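# Structure assessment
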Amino acid sequence: MFEAKRIKNLPPYLFAEIDKKIAEKKSQGIDVISLGIGDPDQPTPKHIVDTLCQQAKNKSNHRYPSYYGMPKLRKAITDYYQKRFGIELDPDSQALPLIGSKEGLAHILVALLDPGDIVLVPDPGYPVYGTGTLLAGGEAYFMPLLEENNFLPKFQDLNPEKVSKAKAMFLSYPNNPTSAVANKEFFSKAVDFARNNNIVILHDNPYSEITYDGFKAPSFLEVDGAIDIGIEFNSLSKTYNMTGWRIGYAVGNNFIIDALSRVKTNIDSGIFNAIQYAGIEALEGDQESVDKMRQIYKKRRDFVIDSLKQIGIELEPPKATIYIWVPVPDGYTSTSFATKILDEAGVVVSPGNAYGPTGEGYIRITLTVEDDRLKEAMDRIKEIF
Ligand SMILES: *Cc1c(COP(=O)(O)O)cnc(C)c1O
């Protein structure tokens, strides 16, 4: 058989590979604990599940959903942005529901790129930014995120020739995998840079609600001029423990939203209506579960930071996300450190270089396993060092 040149160089999806490794170890009878994948272990809040159950029984929901998402869902999204960030958006032209934000992050590139166009991609970063670029026929130019710059890209250090050919730039704060955060001042700089270079900003903000110690993550759209040059992706996946449901959205510039919706309406048919109703309930209903979630992750964060300290790795506790980005000790690479932990402790962590070359020298630990399993995992890691 044959395959397109476009996908020849496409790596297998990182977490699909990690899943394979786990299965292999489990088949050898090893009790593997995965701190590899950022997938909330807590259940979706009951009032959201109840809404789904009710709506699933309504036969009018069994037919094709409306292509652009139900007007009520788009309104719930823009109301949420008004309440949470103080941003006014038009539900009809500036909000688009997605079948999980991942598909939107990939499809936006089909909407924006011509062959050979460059996309500025954070390195390390969520793998979809780079692979989505490849799939759309574009070229990814990596922007290194360095610890000395608080894991923010330095726009003035980017290659001017690449910048001149760039059509879009991904940013994502609070950040996966580094757990770094950004303030509005940084987003302002990004907007200036993008405007001066005629680049679209694609801001990925799925961790906006997973923050600690009083930090409140801004939306990139809060900054003057942002709506003229960009969109923001958000998701119900992490905020409401709904990764399996596949519901997210994009908000922002109406021209870009329209381009994305033209791609999507031609190749998918929207989110199951019952899930759209559940999404409305999530966004409009009681937000107490979000507070509880923050407390659960904060406790785990502090526990992991403390355990790492006991083996000589001292870190500032991150202000956001479900990740701890850990520099590996001297003498190790990302891969050799992750492999040692898997082989000797039966614990999966992801090697930092899997998120891009600049991730070399780090591993990522996720906080999405039950407290007792997390304790067991960290105890085992302590034992081998
Ligand atoms: C989890 C995550 C998403 C959200 O994915 P969904 O497709 O909405 O489940 C997007 N971006 C990043 C960086 C993530 O970590």
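Residues numbered from 1 in each chain as written. Predicted model: local features only at pLDDT ≥ 70, side-chain atom pairs only at ≥ 80, totals over all residues. Heavy atoms only, no water.

### Some details on unusual backbone geometry
Here is the rule we go by: Only runs of H or I of at least four residues qualify as helices and only runs of E of at least two qualify as strands under DSSP, and these elements are numbered from the N terminus. To sort residues, take the accessible area from a 1.4 Å probe on protein chains only and compare it with the maximum for the residue type: under 20% means buried, over 50% means exposed, and anything in between is partly exposed.
The omega torsion of the bond from D123 to P124 falls at 5°, within 30 degrees of zero and hence cis. Within the fold, P124 resides in the loop between β3 (118-123) and α6 (127-135). Following N176, the chain continues into P177 via a peptide bond in cis, with omega recorded as 10°. For P177, the position within the fold is in the loop between β5 (166-171) and α8 (184-197). Backbone geometry at N150 places phi at a positive 55°, although glycine is not the residue there. Exposure remark for N150: the relative accessible area of 53% places this residue in the exposed category. Although it is not a glycine, N198 adopts a positive phi angle of roughly 55°.

### Structural notes on the pairing of strand β4 (residues 139-144)
We count it as follows: The criterion for strand pairing is that DSSP finds at least two bridges linking the strands in question. A crossover counts as right-handed when, viewed with the strands pointing away from the observer, the path leading from the first strand over the helix to the second turns clockwise.
Two strands pair when backbone bridges link them, and β3 and β4 are joined in this way by six bridges, in the parallel orientation. In the sheet register, I118 faces β4, and the bridge partner there is E139. Following the backbone out of β3, through α6 and into the adjacent parallel β4, one traces a crossover that is right-handed.

### Section: the pairing of strand β2 (residues 95-98)
Burial along β2 is two-sided: the residues A95 and P97 and L96 and L98 are all buried. Judged from the four bridges that link them, β2 and strand β8 (residues 248-252) form a sheet pairing that is antiparallel. Bridge pairing links L98 to G248 in β8.

### Concerning the site of the ligand
As a reminder of what qualifies: Any residue with a heavy atom lying within 4 Å of a molecule or strand is counted as near it. Counting of polar contacts relies on pairs of N or O atoms within 3.5 Å, with two restrictions inside protein: one atom must be capable of donating a hydrogen and the other of accepting it, and residues adjacent in sequence are counted only when both atoms are side-chain atoms. Note on areas: Shrake-Rupley with a 1.4 Å probe; residue coverage comes only from the protein chains shown. Three classes are used, and their members are as follows: Ala, Val, Leu, Ile, Met, Phe, Trp, Tyr, Cys and Pro are nonpolar, Asp, Glu, Lys and Arg are charged, and the others, Gly among them, are polar.
Contacts to the ligand come from 14 residues, most closely from D204, Y207, S237, K238 and R246. A distance of 2.7 Å separates an oxygen atom of the ligand from a polar side-chain atom of S235. S237 is positioned such that a nitrogen or oxygen atom in its side chain is 2.6 Å from an oxygen atom of the ligand. For the ligand, the accessible surface in isolation is 390 Å², of which the surrounding protein chains cover 94%. Listed by contribution, the elements that provide at least two residues to the shell around the ligand are α5 (101-112) and α10 (236-239). Here the shell around the ligand is composed, by residue class, of five nonpolar, five polar and four charged.

### Some points on the sheet that holds strand β9 (residues 323-327)
Keep this limit in mind: Contacts: residue pairs with any heavy atoms within 4.5 Å of one another. Simply put, an axis is a line fit to the C-alpha atoms, just over the touching stretch for a helix, and the angle between two N-to-C directions goes from 0 to 180 degrees.
The three strands are arranged β9-β12-β11 in an open sheet whose pairing can be described as antiparallel. Each having just a single partner strand, β9 and β11 (350-351) make up the two edges of the open sheet. In the sheet, β11 pairs with strand β12 (residues 362-366) via two bridges, with the strands oriented antiparallel. Bridged to P351 within β12 is I363. Contacting β9 and β12, helix α13 (residues 288-310) runs over the sheet at an angle of about 15° to β9. Its contacts with the sheet place helix α14 (residues 334-345) against β11 and β12, and it is angled at close to 40° to β12.

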